[in-house]
Amino acid sequence: MNIGEILRISWEAIGKNKVRSLLTMLGIIIGVAAVIMAIAVSNGTAATIRDQITSLGSNLIFISPSFTRNGPQGGPDTGGLVFTDAAAIQQSVPNVAGVSVEQGASETVKAGAVSLSSIAILGSLPDFPTVRSMKVASGNYFTQADQDHKTKVAVLGSGLAQQLFGTADPIGQTVQVGNFYLDVIGVMAPKGMVGDVDYDARLYLPLSTVLQYYTPSQFARFLGQRVRTIYVTVTDPKKMNDTINQITLLLEQRHKVAATAPDFTITTQQNIISTQESTTAAFRNLLAWVAGISLIVGGIGIMNIMLVSVTERTREIGLRQSVGATPNDIRLQFLSEALLLSIFGGIIGILVGVGGSVFFGAVGSMRTVIASNSILLAFFSAAAVGAFFGFYPANQAAKLDPIDALRHE
Amino acid sequence: MNATRTVIATTELTKTYGMGDASVVALDHVSLEVKSGELVAIMGPSGSGKSTLMNILGCLSTPTSGEYCLDGQDVSNLDKVQLAAIRNTKIGYIFQSYNLLARTTALRNVILPLVYDRSHKHPREEWEQLAKDMLEQVGLGDRMDHQPQELSGGQQQRVAIARALITDPVMIIADEPTGNLDSHSGEEIMKLLLKLHEQGATIVIVTHDPVVAQYTERVIHLKDGHIDNVVHNGKNHHQESVAV
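So, how was this worked out
- The written sequence of each chain sets the order in which its residues are numbered from 1.
- To read the labels, note that chains go from A and ligands from 1, taken in the order they are written.
- Confidence filtering applies because this is a predicted model: local features only for residues at pLDDT of at least 70, side-chain atom pairs given and counted only at 80 or more, and all residues used for totals across whole chains, interfaces and linings.
- Put simply, DSSP marks the helices as runs of H or I at least four residues long and the strands as runs of E at least two long, and each gets a number from the N terminus on.
- Between the two quantities, the radius of gyration covers C-alpha atoms and the globule rule is 2.2 Å times the number of residues to the power 0.38.
- Counting other C-beta atoms within 10 Å of each residue's C-beta, where C-beta atoms are placed from the backbone, gives the exposure class: buried for 20 or more, exposed for 12 or fewer, partly exposed between.
- By definition, residues are in contact whenever their C-beta atoms, placed on the basis of the backbone, come within 7 Å of each other.
- DSSP calls a pair of strands paired once it identifies at least 2 bridges connecting them.
- Ten residue types, Ala, Val, Leu, Ile, Met, Phe, Trp, Tyr, Cys and Pro, are classed as nonpolar, four, Asp, Glu, Lys and Arg, as charged, and the remainder, Gly among them, as polar.
- In this usage, the nonpolar core is the set of buried Ala, Val, Leu, Ile, Met, Phe, Trp, Tyr and Cys residues whose C-beta atoms join them within 7 Å.
- Geometry is summarised by axes, namely lines fitted to C-alpha atoms with helices restricted to the contacting stretch, and by angles between N-to-C directions that run from 0 to 180 degrees.
- Values of pLDDT, the confidence the predictor places in each residue, fall between 0 and 100.
- Here a crossing is called left-handed whenever its near helix is offset anticlockwise from the far helix by less than a right angle, and right-handed whenever the offset is clockwise.

With that settled, the discussion passes to the overall build of chain A. Scanning chain A from N- to C-terminus turns up 14 helices and 14 strands. Against the 2.2 N^0.38 benchmark of 22 Å for 409 residues, chain A shows a C-alpha radius of gyration of 33 Å, more extended than a compact globule. Seen through its principal axes, chain A has C-alpha atoms that stretch 105 × 55 × 35 Å. When burial is assessed residue by residue, chain A has 40% of its 409 residues classed as buried. In chain A, the share of contacts with a sequence separation of at least 24, taken over all contacts with a separation of at least 6, comes to 81%.

Next comes the structure, spelled out in structure tokens:
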């Protein structure tokens, strides 16, 4: 008996029970579609996160104060990061292209009749746009002179400029930030949301200005020019680790802390990406397991129906044996039926999964990236499930005695 | 066809079921011979062993002891796969309940044995024509594309006969071929079998119906697993055969 004939018999058997065949395939269809959509959604999430992080600038090192020593930001003499740390890194560590220091604050911003409360202020150094891959749309970013003289100037995020001034040109205008009036010298190009932070709704000021006028309290000002984060860009990304080691040594010396108990943390863009990726990988694995379980449930459905089918068609099996079918012929017939069911289920599942991923990607807020290897994985798992769960019923059919089978009512 | 060829030759054929004290002897040292071209009936009450004998003659099971030569080949000790090949090439079955594949056309039903033919006697492209010829031979040339549920009992049995003939077997075994039919359809089926017999086919009919047995040349009566007596109906178209 050749393959073509086996497939023809199986195909006819499936076609004779269309509704039942479709119901049997349903488990596989759902399983395969779930695998593909789960992977597409988690790939989409991972890609979005990666894009957001790399859009902040690559080759970036983040240095932040560690909160493990003497409470938040340590004591006045030893703990935390201070503004001069940034200058020291810039001067004495090789392979450093740029250092940017940021200090945040929050104030009410007024322009004419418009008043917006709790606007995020970002105090930074003049090379902030270069370090963080941001562009100025109109006007200019502040200069080193502004930083040195604590000039009262402001650069607006694009969204904030829109809210404060509408279509009018904000450059040259004055905004009231907290208790002080600042001159608007530039507007940033739109950047959008990165993680939770809306880069377009912020106010960009010289770091020295923020430290002078907007640090949270007199007490904090008394503690020194404390900063939240120092950003360092490297010239040669291959020497990233060396640079990190040198910065670590420098800061340990300056802060007089032991290497075992540093009061700062150094992370890289790559660290953040891999942390995010391991999070999405865990998410993806979870989804894949759930999808895999539904495939197994689908396989059990196939086994169940095949067992019913063998019982129902016992006389047919007896007849086939009496006209010359060997146990192997019978086994192959039922096995190929189970395989065809699961492969068809797999193909329909792929169509549903790909269609669903495209649909949700287009309609919903989710981004989906269909992985071709997830399609292959889903397809071959479906076939494997069919073969695995089809084997037992097929074997039961092959073991039937022709005389008993022919007598079966 | 060579009239003197022996198709069935059994010696001391015995079949027991179960083991030890609980064993039942279904067939007790049965020896018989059927020549090519004969039309023979096997009769007997239920429990006489006629089904067991039919199953062994039809190569659906093997004897516990004794020898069975089919068409000159000892088939008493073959395995399942070899028996399947013998059933495919040498035996045509006709069942009481026709046993046609449901929702499958008469033509596809007749082709079925060829699907399992390992000798590839007929290439695939000839199957359909061959099946058409067979259906015409049994008078169903106009019903080839009908499915069993669209055919009468008599027509279904004729499809089954066409299916039995398609591999050109050395013998046809008919198990109560008219058992599910009214007397008129039953008579037509018997006439068809007689026609095939006249064309030289070797046919063994297992029945409990004396009317059916009357069509045959020789009636082998079984009782309690052995041959009780053999009645010759004097209709032998070929040489007088020797039984027992």
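Let's pick the thread back up.
Check the secondary structure of chain B and you find seven helices and 10 strands. Here the C-alpha atoms of chain B give a radius of gyration of 18 Å, agreeing with the 18 Å that 2.2 N^0.38 yields for 244 residues. Buried positions account for 48% of the 244 residues belonging to chain B. Expressed as a percentage of contacts within chain B between residues at least 6 apart in sequence, the contacts between residues at least 24 apart total 69%.

Our next topic: the pairing of strand E8 (residues 203–206) of chain B. Residue and element names in this part refer to chain B. Going residue by residue along E8, you find Ile203 and Ile205 tucked away on one face and Val204 and Val206 tucked away on the opposite face as well. As paired elements, strand E3 (residues 39–43) and E8 share four bridges and run parallel to each other. Across the sheet, residue valine 40 finds its bridge partner in E8, namely valine 204. Here strand E7 (residues 171–175) pairs with E8 via four bridges, running parallel. Its bridge partner being in E8, isoleucine 172 is matched across the sheet by isoleucine 203.

Bringing the pairing of E3 of chain B into the picture now. Residue and element names in this part refer to chain B. For E3, the buried fraction is high: five of the five residues fall into the buried class. Of the two faces of E3, the one lined by Leu39, Ala41 and Met43 and the one lined by Val40 and Ile42 are each fully buried. As defined by bridge partners, E3 adjoins strand E9 (residues 218–223) across four bridges and the pair is classed as parallel. What sits directly across from isoleucine 42, in E9, is isoleucine 220.

Further remarks concern the interface of chain A and chain B. Listed as interface residues are 16 residues of chain A and, on the opposing side, 18 residues of chain B. Of all elements in the fold, only helix H1 (3–16), helix H11 (314–322), helix H12 (327–363) and helix H14 (402–407) of chain A reach the threshold of two or more residues within the side of chain A that touches chain B. At five residues, H11 of chain A tops the list of elements feeding residues into the side of chain A that touches chain B. Among the residues forming the side of chain A that touches chain B, the class breakdown is seven nonpolar, four polar and five charged.

Another point: the environment of leucine 295 of chain A. Residues and elements named next belong to chain A. Relative to the helices and strands, leucine 295 is located in helix H10 (residues 269–312). In this structure, the C-alpha to C-alpha distance between leucine 295 and glycine 346, residues 51 residues apart in sequence, is 9.9 Å. Apart from residues lying up to four places away in sequence, leucine 295 is in contact with Ile28, Gly31, Ser381, Ala382 and Val385.

What follows deals with the nonpolar core. In this structure, Ile36 of chain A together with Ile42, Val110, Ala162, Ile203 and Val204 of chain B are the most contacted members of the largest nonpolar core, which totals 117 residues. Ranked by residues supplied to this core, first place goes to helix H2 (residues 18–55) of chain A with 13 residues. When residues no more than four places from it in sequence are discounted, the contact partners of isoleucine 36 of chain A are Ile350, Gly353, Val354, Ser357, Ile370, Ser374, Ile375 and Ala378 of chain A. Counting residues in hydrophobic clusters, the runner-up holds 49 residues, among them Leu60, Ile61, Val153 and Leu160 of chain A.

All names here are of chain B. Judged by pairing direction, the sheet is mixed, and its six strands sit side by side in the order E6-E7-E8-E3-E9-E10 without closing on themselves. Edge positions in the open sheet fall to strand E6 (91–94) and strand E10 (226–232), since each of these has one partner strand only. Mean inter-strand twist for the sheet, computed between neighbouring axes without regard to direction, equals 20°.

Moving on, we get to the sheet that holds strand E1 (residues 6–17) of chain B. If you trace the four strands from one edge of the open sheet to the other, you get E2-E1-E4-E5 (chain B), paired in antiparallel fashion. Taken across any chain shown, the strands that pair with only one partner, and hence form the sheet edges, are strand E2 (24–35) and strand E5 (73–74) of chain B.

On to the confidence of the model for chain B, then. Residues and elements named next belong to chain B. On average, chain B scores 90 in pLDDT, and the residues at 70 or more come to 94%. Predicted confidence is poor over residues 236–244, with pLDDT under 50, and the contacts of this stretch with residues over four places away or in other chains come to 22 contacts. Scoring the predicted complex yields pTM 0.71 and, for the interface, ipTM 0.91.

Residues and elements named next belong to chain A. Within chain A, residue pLDDT values average 84, and 92% of them lie at 70 or more. Mean pLDDT values over the elements of chain A span from 49, in helix H8 (residues 218–222), up to 94, in H11. Across residues 68–78, where pLDDT falls below 50, the model places 20 contacts with residues more than four positions away in sequence or in other chains.

Glancing now at the packing of helix H3 (residues 106–115) of chain B against helix H5 (residues 153–165) of chain B. Residue and element names in this part refer to chain B. For the pair H3 and H5, the least separation of the axes is 7 Å and the interaxial angle reads 35°. In this structure, H3 meets H5 at a crossing whose hand is right-handed. Residues Ala106, Asn109, Val110, Leu112 and Pro113 of H3 pack against Val159, Ala162 and Arg163 of H5. Looking at the contact of H3 with H5 residue by residue, the class counts come to six nonpolar, one polar and one charged.

The subject of this paragraph is unusual backbone geometry. The general pattern is negative phi for most residues beyond glycine and trans for most peptide bonds. Even without being glycine, asparagine 95 of chain A reaches a positive phi, approximately 70°. Assignment of secondary structure puts asparagine 95 of chain A in the loop between helix H3 (83–92) and strand E3 (96–111). On the basis of neighbour counts, which here come to 16 C-beta atoms within 10 Å, the residue asparagine 95 of chain A falls in the partly exposed class. Residues other than glycine seldom take positive phi values, yet histidine 120 of chain B does so here, at roughly 50°. Tracing the backbone shows histidine 120 of chain B in the loop between H3 and helix H4 (124–137).

Another point: the environment of isoleucine 272 of chain A. Residues and elements named next belong to chain A. Checked against the element boundaries, isoleucine 272 lands in helix H10. Classification of isoleucine 272 as partly exposed rests on a count of 18 C-beta atoms within 10 Å. Spatially, the C-alpha atom of isoleucine 272 lies 24 Å from that of proline 94, the residues being 178 residues apart in sequence. Every residue in contact with isoleucine 272, bar those within four places of it in the chain, is listed here: Ile53 and Thr267.

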